[in-house]
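# Structural characterization, general
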2 protein chains.
Amino acid sequence: MELDARKVTILKAIIKTYLETGEPVGSRTISKFSDLKLSSATIRNEMSDLEEMGYIIQPHTSAGRIPSDKGYRFYVDQILSEKDQEVTEMKELMIQRVDRVELLLKKLAQALAANTNYAALISGPQYHQNKLKFIQLSKVDVNKLLVVTMVEGNIIKNTIIDVKEPLRDEDLLNLNILLNSSLTGLTIEEINLGVITRLKEQAGLHGQVVDLVLNEVAEAIRADDEDLQIYTSGATNIFKYPELSDGEKASRLLRTFEEKDVLQDLIDEVNQNEAGSDTGIQVYIGDEMPVQGMKDCSVVTANYELGEGLRGTIGIIGPKRMDYEKVLGTLKNLMTQLDIAFKKEKGD
Amino acid sequence: MELDARKVTILKAIIKTYLETGEPVGSRTISKFSDLKLSSATIRNEMSDLEEMGYIIQPHTSAGRIPSDKGYRFYVDQILSEKDQEVTEMKELMIQRVDRVELLLKKLAQALAANTNYAALISGPQYHQNKLKFIQLSKVDVNKLLVVTMVEGNIIKNTIIDVKEPLRDEDLLNLNILLNSSLTGLTIEEINLGVITRLKEQAGLHGQVVDLVLNEVAEAIRADDEDLQIYTSGATNIFKYPELSDGEKASRLLRTFEEKDVLQDLIDEVNQNEAGSDTGIQVYIGDEMPVQGMKDCSVVTANYELGEGLRGTIGIIGPKRMDYEKVLGTLKNLMTQLDIAFKKEKGD
DNA sequence: GTTAGCACTCTTAAGTATCGAGTGCTAATA
DNA sequence: TATTAGCACTCGATACTTAAGAGTGCTAAC
C-alpha cells in the first residue's frame, strides 16, 4: 500500500490533534478538520489503512487512534526537512555578556525548560581538544598554593594544593612564567611526557613542585570529567502531561533525571550517533531512546560548539507527543544564536 | 486533663507506629504493643482523651488515629531533649580532604538524601562576616583581566573584567601587591569608602582600574548572593511516601523544590528563628512550615558553621511522619563531624 | 479502673448497569 | 469506483450498589 498525499494529510492531522489533546483521535474529529472534505466513514477507511501500515495504533478496540513510534518518526522527519523557525526571545539571554560558560549553560537550561514546557538538559563542554589558555599559582597560605587554570571558552578551575616546603615569592613568580610559557596553547593531550620532562628540567630545584602541580592539574581535569557537568531544569514539567505523571512513571522518570550518570550515558550515545545527522539535531522517539526508564518519552538533542572543539549537548525531554515543531525550531534557533554570540565573544 | 505517664506511652506508641506504617493506628494495634498490658477498650478511652487534648486526630469517624501537628511537636521535643546518636558512616565523606567547600556541600546533600530517604537541602555559606583571604589579578587577554578572590573557607570566585587600556605586567604586579596588602584580612563590610579612597590614591594612575576591579569584586559577591547557592538532592524520595506522592501534591512539592528562591526564603526564616534554639537544630512540622506549598511536610534544619562567620543551613525535608529520631541524630552527628573536620583543616 | 461485647460508622474493594465515543461493515449513492 | 449514510457492536469510563472489614463509642459486667 502506498502513502499517498491524502493519507499523509490525515496522518498529520491525527498526530497534530493528538499532540494537543493527548487523547486518542476519532474519525469524526478528523472529518471536521478544515482542509479535508471527507466524511468520517472515509476517514475511517483511511485510518484503517494507516493502522495496517503501522503509523497509528488503536489503544483498544473502540477507541480512536494514536500515533505509533513510526508515525511520530514520519512526522518528525517531515518537519526536519522543512523548518527554519521564528526567532525566540532567547536572544536576550545572549546579549548580556557571559564570562563563565557554566552560568550561561545553567541559564540556558532554565530558559529552554520554561520556553518549551518540557525538561531541559545541557551537558557542560568537555575538555576535549581544548587549549590551555592560562595557568597560575598563587600562595594563599604558608604551604598552600592555589592553582587556577583556564581553557578556551573561559572555563576556570581552581584547586588548592599542599606543598611540603614553602616557596619563595621569587621562585613562585618564575615558576608561573615557566608554566605559562611551556603549557599555554597546548591541548590537554599535548601535555605529554616529553613536555613534562622538559618542564621539570627547567624548573630545576622545584621539579618536585611542578610534578605536584601537573598532577593536580590533571587530577582537576579528570575529576571534572567524572563530576559530570550536567545542568537540568524543568524536570517537574512532566506533571503537565497526564500520560507521564501517574505515580509509577513520574517517579521513575524523575529519578532517572536525578541520576547524572544515566544522563551522561544518554549524551554519550547521542554523540556516537552524531555521524548520521547533518544538522546535528537528532530525535529519539519512545523505544529509540538509548536509556532505560525513559522509553515513554522522546528526546530532541543538539550539539553546540563554542569554537575550537569546545562542545557539548543540549537535550529537550518530553512526552512522545511533544510539540516537535516548536522544539526543533527553538533548538535550531538556539544553535544559530550560540554561534553568533560566540563569534561576537571571540571578536570582542 | 493531664498528660500522665500512661498517656505519654500510648501517644508515643501511636506516633511510632504511624511513622512506620503511614496508616491510621487503631486501638487494637496499640493494645498488642508489647510494653502495655491493656485491652483495646482501655486504649480507646485513653485515645479518646488524647484526641480531646489535641495530640491525635481521627481522619474520619471509624478510622484509627493519626498524630496531629501538636502530637508530632510533642514527640520531637521529647527526642530533642533525649538524644545523642550513633555515628554514621558519614565520617568517610569527611576524611577525604576537601579543597572546595562547594563540592563538599554537594556531596553532603547527596549523602544526606541517600541516608535518610528524604530530600536534603544545603545552603552554601553566606559571605557574612568573612575575611577576604586573597585577591589576584591576572592578564588572560590583551584587555581582559581575571580576578580571583578567595575568602575564609577557601571559597573561590572568578570573574573576568575588561579594561580599557592594557596594563603592563609590571603595573599589574604592583597592583596585585597593593590590593592584597590593602584588602586582605578585611571583611566585606570593612572594605568601606575610606579604604577604597586610600587604595585609589596609592594606585595613582591606575585608580580607574582599581575602581573597576572593586566594582567587579563587589558585583561578584552580590551576584553570588543572588545566584543562590543551594544544593538539593533526593527530591524524588518523596515518592516513597504515598501521602505525598499523589499527583497534585507531588507536583507542587517538586516544583517548590526546584525554585531556589522559595528555598532561600525557608532558610532565611530559619535563620531568623534561630535565637529560640540552643542546639541550632530546629523542626518545623506541617503548618509551622514557613513556606507555602510544603505544609504537608516537615523540615528539620540545622546551621553549620565553618569557623569565623562562615555559616550555612542544612535541611531535611520529608513527610510529617518522618523518622525524627533518625534525622535528628544524623544531623546532630553531622554537625559534630563538620566541626571536627574543619578544626583539622584549620590546624593543618 | 478495666474489660468484654455489641451496634454503628465509614472506607475500600468488588461487582453491576449504563452511557457514549468510536469502530467495522454493508448497502446505497454520485 | 470512490464516497457516504446507517447501524450493530465493542469497550472504557462513570456512577451506583453491595459486602467486607477495621475501628469506634457506649454500656454493662468484672
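Residues numbered from 1 in each chain as written. Chains lettered and ligands numbered in written order. Predicted model: local features only at pLDDT ≥ 70, side-chain atom pairs only at ≥ 80, totals over all residues. Heavy atoms only, no water.

## Here we look at the overall build of chain A
This is how the line gets drawn: Secondary structure elements follow DSSP: runs of H or I of four or more residues count as helices, runs of E of two or more count as strands, with numbering from the N terminus. Per-residue accessibility, obtained with a 1.4 Å probe over protein chains only, is compared with the maximum for each type, and a residue is labelled buried under 20%, exposed over 50%, and partly exposed between these values. Only heavy atoms matter for contacts: two residues are in contact if any of them lie within 4.5 Å across the pair. To be clear on the numbers: accessible area is Shrake-Rupley with a 1.4 Å probe, and residue cover counts the displayed protein chains and nothing else.
The helix and strand inventory of chain A stands at 13 helices and 10 strands. Across the 348 residues in chain A, those meeting the buried criterion constitute 52%. Considering only contacts in chain A between residues 6 or more positions apart, those separated by 24 or more positions represent 60%. A total accessible area of about 16300 Å² is found for chain A, and carbon and sulfur atoms account for 48% of it.

## Examining the protein's contact with DNA strand C
Selection criterion: When we say a residue is near a molecule or strand, we mean one of its heavy atoms is within 4 Å of it. N or O atoms closer than or at 3.5 Å make up a polar contact, with two conditions inside protein: a donor-capable atom paired with an acceptor-capable one, and, for residues adjacent in sequence, both atoms drawn from side chains. The classification used treats Ala, Val, Leu, Ile, Met, Phe, Trp, Tyr, Cys and Pro as nonpolar, Asp, Glu, Lys and Arg as charged, and all other residues, Gly among them, as polar.
Within the structure, DNA strand C sits among 21 residues, and Ser-27 of chain A together with Arg-6, Thr-42, Thr-61 and Ser-62 of chain B are positioned closest to it. Restricting attention to atoms of DNA strand C within 4 Å of the protein, one finds that 73% of them are sugar or phosphate atoms. A distance of 2.5 Å is found between a phosphate oxygen of DNA strand C and a side-chain nitrogen or oxygen belonging to Ser-27 of chain A. At 2.8 Å from a base oxygen of DNA strand C is found a side-chain nitrogen or oxygen belonging to Ser-62 of chain B. Going through the elements one at a time, helix 3 (40-53) of chain A together with helix 3 (40-52) of chain B are the ones with two or more residues in the surface near DNA strand C. In terms of residues, the surface near DNA strand C owes the most to one element, helix 3 of chain B, which gives four residues. When grouped by side-chain class, the residues that make up the surface near DNA strand C number four nonpolar, 12 polar and five charged.

## With respect to the protein's contact with DNA strand D
Looking at DNA strand D, there are 21 residues lining it, with Arg-6, Thr-42, Thr-61 and Ser-62 of chain A together with Ser-27 of chain B nearest. Close to the protein, within 4 Å, the atoms of DNA strand D are drawn from sugar and phosphate at a rate of 75%. The side chain of Ser-62 of chain A places a nitrogen or oxygen atom 2.8 Å from a base oxygen of DNA strand D. Broken down by secondary-structure element, the contributors of at least two residues to the surface near DNA strand D are helix 3 of chain A together with helix 3 of chain B. Looking at the surface near DNA strand D residue by residue, the classes come out as four nonpolar, 12 polar and five charged.

## Here's the deal with the interface of chain B and chain A
When the parts come together, some accessible area is lost, and that loss is often what is quoted as the size of the interface. The cut-off we apply is this: Joining two parts hides part of their accessible area as seen by a 1.4 Å probe, and the buried area is that hidden amount summed over both. We count a salt bridge whenever a side-chain nitrogen from Lys or Arg sits within 4 Å of a carboxyl oxygen from Asp or Glu.
Taken together, the contact pairs 38 residues of chain B with 37 residues of chain A. Around 3000 Å² of area is buried between chain B and chain A when both sides are counted, 52% of it from carbon and sulfur atoms. The tally of links from chain B across to chain A stands at zero salt bridges. Inspection of the chain B/chain A interface yields eight residue pairs in polar contact (both at pLDDT 80 or more). Of all the secondary-structure elements, those providing two or more residues to the side of chain B that touches chain A are strand 4 (132-141), strand 5 (144-151), strand 6 (155-162) and helix 11 (247-258) of chain B. At seven residues, strand 4 of chain B tops the list of elements feeding residues into the side of chain B that touches chain A. Its residues placed into classes, the side of chain B that touches chain A shows 13 nonpolar, 11 polar and 14 charged.

## Description of the environment of Lys-107 of chain B
Along the polypeptide, Lys-107 of chain B turns up in helix 6 (residues 101-116). For the pair Lys-107 of chain B and Thr-232 of chain B, spaced 125 residues apart in sequence, the C-alpha separation works out to 9.9 Å.

## Structural notes on the sheet that holds strand 9 (residues 297-305) of chain A
Residue and element names in this part refer to chain A. Note the following rule: Two strands make a pair as long as DSSP finds a minimum of two bridges between them. All axes here are fitted lines through C-alpha atoms, helices being fitted over the stretch that makes contact, and every angle between N-to-C directions spans 0 to 180 degrees.
Pairing is antiparallel in the open sheet, where five strands are placed in the order 7-3-10-9-8. The open sheet terminates on both sides in strands that have one partner only, identified here as strand 7 (230-233) and strand 8 (281-285). Averaged over all pairs of adjacent strands, the angle between their axes in this sheet comes to 15°, without regard to strand direction. Judged from the four bridges that link them, strand 3 (residues 119-123) and strand 7 form a sheet pairing that is antiparallel. Paired with Ala-120 across the two strands is Ser-233, which belongs to strand 7. Lying over the sheet, helix 12 (residues 260-273) contacts strand 3, strand 7, strand 8, strand 9 and strand 10 (311-319), oriented at roughly 105° with respect to strand 7.

## Concerning the side chain of Arg-321 of chain B
Residues and elements named next belong to chain B. Along the chain, the position of Arg-321 falls in the loop between strand 10 (311-319) and helix 13 (324-347). There is a polar contact of 2.9 Å between the side chain of Arg-321 and the backbone oxygen of Leu-19. Those residues in contact with Arg-321, other than ones at most four positions away along the chain, are Tyr-18, Leu-19, Glu-20, Thr-21, Gly-22, Tyr-72, Tyr-118, Tyr-241, Pro-242 and Glu-243.

## Quick look at the sheet that holds strand 7 (residues 230-233) of chain B
Backbone-to-backbone hydrogen bonds join strands into a sheet, with any given pair of strands oriented parallel or antiparallel. Residue and element names in this part refer to chain B. An order of 7-3-10-9-8 is seen for the five strands of this open sheet, with the pairing classed as antiparallel. With one partner strand each, in any of the chains shown, strand 7 and strand 8 (281-285) form the two edges of the open sheet. Going from strand to strand, the sheet's axes swing by 15° on average, the running direction of each strand aside. Here strand 8 runs beside strand 9 (residues 297-305); their pairing, made up of five bridges, is antiparallel. Following the sheet pairing, Tyr-284 is matched in strand 9 by Val-299.

## A short note on the relation of the copies chain B and chain A
Put simply, the test is: Superposing the copies works by least squares over the C-alpha atoms of residues that have pLDDT at least 70 in both of them.
Between the two copies, chain B and chain A, the superposition gives an RMSD of 0.2 Å; the rotation angle is 180° and the shift along the axis is 0.1 Å. Such a combination of turn and shift is consistent with a two-fold rotation axis. Mapped onto chain A, 97% of the interface residues of chain B are again interface residues, and the two copies thus contact each other with one and the same surface.

## Details of the domain arrangement of chain A
Convention followed: Where each domain starts and ends follows an automatic or database-derived domain assignment.
If you check the domain split of chain A, you get domain 1 (5-79), domain 2 (99-125 + 229-347) and domain 3 (132-226). Placing the centre of domain 1 of chain A and that of domain 3 of chain A at their C-alpha centroids yields a distance of 62 Å.

## A closer look at the packing of helix 1 (residues 5-21) of chain A against helix 4 (residues 69-80) of chain A
All names here are of chain A. Using the following cut-off: Working definition: roughly parallel below 35 degrees, roughly antiparallel above 145 degrees, roughly perpendicular at 65 to 115 degrees, and oblique for all remaining angles.
Two elements in contact, helix 1 and helix 4, have axes separated by 10 Å at closest approach and are oriented at 100°. In terms of orientation, helix 1 and helix 4 fall into the roughly perpendicular class. Two secondary-structure elements touch here, helix 1 through Val-8, Leu-11, Lys-12, Ile-15, Lys-16, Tyr-18 and Leu-19 and helix 4 through Gly-71, Tyr-72, Phe-74, Tyr-75 and Gln-78. Across the contact of helix 1 with helix 4, the residue classes break down as eight nonpolar, two polar and two charged.

## Here we look at the packing of aromatic side chains
The test is simple: Pairing of aromatic side chains here covers Phe, Tyr and the six-membered ring of Trp, requires ring centres within 6.5 Å, and sorts the geometry by plane angle: under 30 degrees stacked, over 60 edge-to-face, intermediate tilted. Placement of a charge over a ring requires the Lys NZ or Arg CZ to be within 6 Å of the ring centre, with the centre-to-atom vector within 35 degrees of the ring normal.
Per the stated rule, a full pass over the model turns up six aromatic pairs over all chains. Ring geometry for Tyr-72 of chain A versus Tyr-324 of chain A: centroids 5.8 Å apart, planes at 55°, classification tilted. With a gap of 252 residues between them, Tyr-72 of chain A in helix 4 and Tyr-324 of chain A in helix 13 (residues 324-347) connect regions that are remote in the sequence. On the basis of relative accessible area, Tyr-72 of chain A is assigned to the buried category, the value being 2%. A cation over a ring is seen here: Lys-70 of chain B above Tyr-55 of chain B, with NZ or CZ 4.6 Å from the ring centre.

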